[in-house]
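# Structure at a glance
The residues making up each chain are set out below.
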Amino acid sequence: MKILCRTTALAALAALALTGCGSEGEKTSTEAVTTAAATPAGPRVGAAGSGCELPVSFSLATDWKPKKVTVTDEELLAALTKKGPFTMACEVDAKPAGNLGFIRIWTGEQAELRPSLEAFIGADAQQAKFTELQVGGKPALEVDYQLKSQLDGSLEQERAFVLDAGKGLVAVTLDSVDSDEYKEMLPAYELARTSLTVN
């Protein structure tokens with residue numbers, strides 16, 4: 001765990017608590033799936049009574065804690081819960097497991113995957129690589145991209161996937177505070193993707 005040595009960075013991000021950063025290193029698909037399969041799984045999130053009721057369900061890495069996001073339009077941070085056509089519905093906190101970051105789940109109206117995901121990552125995304133895949137038996141689209149860090153301007157890795165859950169789109173993102181956290185949290189994100197089912 002590196003929580004204490006990141007106190008300064010965490011304080012700087014306090015005002016942006018609903019945003020996240022990524023990293024530079026990433027795994028190949030084969031490595032990621034293998035790691036996800038080996039990641040100890042906790043309870044599932046998404047069903048009624050699971051902390052967040054969602055159109056999909058997936059397994060959480062051990063000690064990760066889900067929390068429903070209920071920010072109204074009048075609140076100061078309301079704008080941070082919206083990206084493109086998506087609204088944040090749930091965030092799964094990695095802090096109890098020893099990491100600084102979240103897996104976040106976003107929902108949106110039914111639409112085409114590629115334009116929706118492009119709008120989600122925004123015009124500042126760099127080196128975006130899109131991959132078509134199946135998630136929960138549904139066609140899905142994943143993107144790896146980079147964004148400039150709000151702390152030091154360095155490029156940091158970001159990852160997200162989107163699928164049509166039948167009644168609308170669902171996007172799942174990995175949001176970490178630095179490259180080390182991104183690498184450590186990636187197996188939990190991959191576990192979410194590989195274990196996801198549509199409710």
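Shown above is the structure to which this text applies.
All of these numbers come straight from a predicted model, not from anything done at the bench.

### What to know about the side chain of Glu 190
If you trace the backbone, Glu 190 turns up in helix H4 (residues 179-195). Exposure remark for Glu 190: the relative accessible area of 1% places this residue in the buried category. A distance of 2.8 Å separates polar atoms of two side chains, one belonging to Glu 190 and the other to Arg 159.

### Things to note about the pattern of salt bridges
According to the stated counting rule, one finds eight salt bridges in the structure shown. Between Glu 190 and Arg 193 there is a salt bridge; the shortest N-O distance is 2.7 Å. With Glu 190 and Arg 193 both in helix H4 and three residues apart, this pair spans about one turn of that helix. In this structure, Glu 190 and Arg 193 share a single accessibility class: buried. Sharing partners across several salt bridges, the network here consists of Glu 142, Asp 144, Arg 159, Glu 190 and Arg 193.

### What about H4?
End to end, H4 covers 24 Å across 17 residues, agreeing with the expected 24 Å (1.5 Å per residue, within 8%). Maximum bend of H4: about 40°, positioned at Met 185, with proline Pro 187 one to four residues after it. Burial runs high along H4: twelve of the 17 residues are buried. Of the residues that open H4, the one with a side-chain oxygen 3.2 Å from the backbone nitrogen of Asp 180 is Asp 178.

### Overview of the state of the cysteines
Using the criterion set out here, one finds one disulfide in the structure. A sulfur-sulfur distance of 2.1 Å marks the disulfide that ties Cys 52 to Cys 90. Linking Cys 52 and Cys 90, the disulfide has an S-S dihedral of approximately 75° and is accordingly described as right-handed. Of this pair, Cys 52 sits in the loop between strand E1 (41-45) and strand E2 (56-61) while Cys 90 is found in strand E5 (residues 86-93), placing the two residues 38 residues apart along the sequence.

### Observations concerning the pairing of strand E8 (residues 138-148)
Pairing analysis gives eight bridges linking strand E7 (residues 126-135) to E8, with the strands arranged antiparallel. By the bridge assignment, Val 135 is partnered in E8 with Lys 138. Hairpin connection of E7 to E8: two residues between the antiparallel strands, including Gly 136 at a positive phi of 60°. Alignment of E8 against strand E9 (residues 155-164), held across nine bridges, turns out to be antiparallel. Residue pairing across strands places Leu 147 opposite Glu 156, the latter belonging to E9. The turn joining E8 and E9, which pair antiparallel and follow one another in sequence, is formed by six residues; a positive phi near 80° is taken by Gly 153.

### Overview of the nonpolar core
Ranked by size, the top nonpolar core spans 31 residues in total, and within it Phe 58, Trp 64, Ile 103 and Ile 105 carry the most contacts. Of all the secondary-structure elements, those providing two or more residues to this core are E2, E5, strand E6 (101-108), E7, E9, strand E10 (169-176) and H4. Here Ile 105 is in contact with Leu 54, Phe 58, Thr 87, Met 88, Ala 89, Cys 90, Val 92, Val 170, Ala 171 and Val 172, once residues within four sequence places are set aside. Met 88, Leu 117, Ala 125 and Tyr 145 belong to the second largest nonpolar core, which has 16 residues in total.

### A short note on the packing of aromatic side chains
Within this structure, the stated rule accounts for three aromatic pairs. Aromatic pair Phe 86 and Phe 120: ring centres 5.5 Å apart, planes at 90°, arrangement edge-to-face. Of this pair, Phe 86 sits in strand E5 while Phe 120 sits in helix H3 (residues 113-121), placing them 34 residues apart in sequence. Following the ring pairs from residue to residue traces out a cluster consisting of Phe 86, Trp 106 and Phe 120. Sitting above the plane of the Phe 130 ring, Arg 114 keeps its charged end 3.8 Å from the centroid.

The rules behind these values
- Residues numbered from 1 in each chain as written.
- Predicted model: local features only at pLDDT ≥ 70, side-chain atom pairs only at ≥ 80, totals over all residues.
- Heavy atoms only, no water.
- Helix = DSSP H or I, 4+ residues; strand = E, 2+ residues; numbered from the N terminus.
- Buried < 20%, exposed > 50% of the residue type's maximum accessible area, 1.4 Å probe, protein only.
- Polar contact = N/O pair within 3.5 Å; in protein donor to acceptor, adjacent residues only side chain to side chain.
- Salt bridge = Lys/Arg side-chain N within 4 Å of Asp/Glu carboxyl O.
- Expected span 1.5 Å × (residues − 1).
- Bend = angle between axes of the 7 residues up to and from the residue.
- Disulfide = S-S within 2.5 Å.
- Pairing = 2+ DSSP bridges.
- Core = buried A, V, L, I, M, F, W, Y, C linked by side-chain atoms within 4.5 Å.
- Contact = heavy atoms within 4.5 Å.
- Phe/Tyr/Trp six-rings, centres within 6.5 Å; stacked < 30°, edge-to-face > 60°.
- Lys NZ or Arg CZ within 6 Å of the ring centre and 35° of its normal.

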